[in-house]
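Fold and geometry: a report
Listed here are the chains, written in short residue letters.
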Amino acid sequence: MTSRERVKTALNHQSPDRIPIDFGSTSVTGIHCKVVESLRDYYGLEKHPVRIIEPFQMLGEVEADLQEALGIDCVSVFGPRNMFDIDESQLHQQRTPWGQEVMIASGIDLTPDKEGDVYIYAKGDRTFPPSAVMPSNCYFIDAVERQHFVDDDQLKAEDNLEEYGSLSDEDLQHFVQASQKAAGTGKAVIASFGGTALGDVAFIPGMGLKDPKGVRNVSEWYMSTVMRKEFVHELFDKQTEIAIQNYSRLWQAIGNNVDVVFTCGTDFGTQNSQFCSLDTYRELWLPYHKRLNDWIHQHTTWKVFKHTCGAVVPIIPGLIEAGFDILNPVQINAKDMDSTFLKKEFGKDLTFWGGGIDTQRILPDGTPEEIRSHVLKQCEILGRDGGFIFNAVHNIQANVPIENVVALMNTLNELKTL
Amino acid sequence: MADLQELYKAIVEGNLNVAKSITQEAMEEQIEPQVIINEHMSKAMQEIGKRFEEGKAFVPELLMSARAMKGALDIVKPHMAQSGTTSLGTVVIGTVKGDLHDIGKNLVASMLEGCGFKVVNLGSDISSDKFVAAVKEHHAQIVCLSALLTTTMHYMQKVIQALEEEGIRQQVKVMIGGAPVSEAFAHQIGADGYSENANAAVTLARTLVSA
């Protein structure tokens, strides 16, 4: 089986020759650049600065040689610009605050200020206040919220739509070429076209906008889902309309060079609870999620990937109703997210893309033997009858001991030979 | 006359403007701040906290209640000193160095404040030096440390060490919270307690100050 066939078989809920593996195909299934460097060293691969493929979380590129070493079955298609609306085609070498040489978008300067903090500017324009910061001792970036006073009489959906518009011809061309190249690898192609996440708090602060308008503070946004429902409906409605127009052009130009589309990373779960009830999900999100998912299923061969962290058991029936095919990252250590229960209850409807290893305790703090037995157990439960792509619960973070990551990879190798 | 039952309702429902106007009215009628806080505000925050624990309210509702409560409390505060209102204790709270997540931490701060503690909210990305300085300056009885990341949670131990090195560890109780931390982790690093959510944090803080 080729990697692509393996992933497609699993997505069709049939048993592939082995469990397919993803590390690095999206911004939520990746590896921190520090760990990528350690893995390259461990496997004796060529030494060179790791390329940052997603600067917000400082994810490193899992290049073809490392993919080979890890047995990875999925490749990415990312957009031409990052979260800060900075061109990703122009790179320069920079040293991170922890002393690692990396290749990163030229519009990003990793030089810390005297407090040790690194500031990032929307579109690389330093004439406006910074839109994000990597505080000293931190290993990735977070938004700087720039919230003007919200005047409810003046607030318009367009204020929160500034970053969402029709795809330019150049951007479309970028996706066509990137998808062609990705499909040529024989691996499953996971595309992040962007613009389709509804109310994702990673995007709400508008880190790519120099002076964002509308609701841009995360707490204010959460409150808006209760007290400004009409505004949220109008925003989601218009954003979905734009998304479908863009997807229509993307499908015509790209077709089945892409296998999976990562459309929405809005988190509905916390460690122990949810951000809203199932009723609220059904009222506020479901109509728009369903509209886009139905369009995708009626017009394309793409499968739809939904990311939501946390304890989302009460929300999952809504996500299935909305037509999502894939759930990620399957946060198995959150409340009630028991793997056996999830597989039994929802395994026929959803492919679990994640849940392969707990990343809050086992991966960073477990022993290699604990890691092995945990991974074997997760694969046995989630991998039965397909419907499972191996991935950790979210990105592998900086400072996870390399011997633990290697123990994880060795276990996956062991599984291939069973 | 100010309808304080309506204040309770306004806070539970997260209605900022109503909460403020009733409180303003109550101040003009010279109702004791202690009565407003203990009998109404605190009970309202406990009620929304209870609904949160029962899965009947969620983070957005909690944020709205906290905002309504803070709006009301800002009106009451100037009257507290003159009426000799005492707090349950002083709490210094912050998200540890390297971590910018603060929504959950702010909810804990609001809940503690609404339930009668004096709260010094240092913000996020806070170094051990800043925690130590704040504990000394405000004579805090409790320090609350928050972290959302597995990469930053271990910094909590550094804060505890810094309190020990400064010889003030015995004066304060250390509470920890945040997604990746647990009761076991609290024991491991020598904290005095862990709480899973904002409501439980208030219960824990009350226990720690009365111990």
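Look up a bit, the structure's there.
Here the residue numbers are simple positions, counted from 1 along each chain's written sequence. Chain letters start at A and ligand numbers start at 1, both assigned in the order the entries are written. For a predicted model such as this one, the threshold for reporting local features is a pLDDT of at least 70, and the threshold for listing and counting side-chain atom pairs is 80 or more; totals across whole chains, interfaces and linings nevertheless cover every residue. With hydrogens and water set aside, each side-chain value is computed from the structure's full complement of heavy atoms.

1. Description of the overall build of chain A
- Across its full length, chain A holds 12 helices and 14 strands.
- Computed over the C-alpha atoms, the radius of gyration of chain A is 20 Å, within 12% of the 22 Å expected from 2.2 N^0.38 for a compact globule of 418 residues.
- In terms of its C-alpha atoms, chain A occupies a principal-axis envelope of roughly 65 × 50 × 40 Å.
- Counting across all 418 residues of chain A, residues that qualify as buried make up 59%.
- Restricting to contacts in chain A with at least 6 residues of sequence separation, those with at least 24 account for 72%.
- We get accessible surface area from the Shrake-Rupley algorithm with a probe of 1.4 Å; when it comes to residues, only the shown protein chains can shield them. Split by element, the accessible area of chain A, about 16,200 Å² in all, is 48% carbon and sulfur. Each helix is a run of H or I in the DSSP string that is no shorter than four residues. Each strand is a run of E no shorter than two, and both are numbered from the N terminus. Each radius of gyration reported is based on C-alpha atoms, and the globular scaling rule is 2.2 Å times the count of residues to the power 0.38. Throughout this description, buried means an accessible area under 20% of the type-specific maximum (1.4 Å probe, protein chains only), exposed means over 50%, and partly exposed covers the range between. Working rule for contacts: check all heavy atoms of both residues, and any pair within 4.5 Å makes them a contact.

2. Regarding the interface of chain B and chain A
- If you look at the interface, chain B gives 20 residues, while chain A gives 29 residues.
- Buried area is a sum: the accessible area each of two parts loses on coming together, probed at 1.4 Å, counted once for each and added. Together, the buried faces of chain B and chain A total about 2,100 Å²; carbon and sulfur atoms form 68% of this surface.
- Any pair of N or O atoms that falls within 3.5 Å is considered a polar contact. Within protein, one atom must be able to donate a hydrogen and the other to accept it, and sequence-neighbouring residues count only if both atoms are side-chain atoms. For the pair chain B and chain A, the interface holds 1 residue pair in polar contact (both at pLDDT 80 or more).
- Here the element with the most residues in the side of chain B that touches chain A is helix α4 (residues 59-80) of chain B; it accounts for 6 residues.
- Across the side of chain B that touches chain A, the residue classes tally to 10 nonpolar, 5 polar and 5 charged. Gly is placed with the polar residues, together with every amino acid not listed as nonpolar (Ala, Val, Leu, Ile, Met, Phe, Trp, Tyr, Cys and Pro) or charged (Asp, Glu, Lys and Arg).

3. Brief notes about the sheet that holds strand β11 (residues 303-307) of chain A
Residue and element names in this part refer to chain A.
- Between any two strands, at least two bridges found by DSSP are needed for them to pair. The strand order β3-β9-β10-β11-β12-β13-β14 describes an open sheet built from 7 strands, whose pairing is parallel. Each end of this open sheet is capped by a strand with a single partner; those strands are β3 (74-77) and β14 (388-389).
- Here strand β12 (residues 326-328) pairs with strand β13 (residues 351-353) via 2 bridges, running parallel. Each bridged residue has a counterpart across the sheet, and for I326 the counterpart in β13 is T351.

4. What about the environment of N413 of chain A?
- Along the chain, N413 of chain A turns up in helix α12 (residues 402-416).
- For the pair N413 of chain A and F78 of chain A, spaced 335 residues apart in sequence, the C-alpha separation works out to 28 Å.

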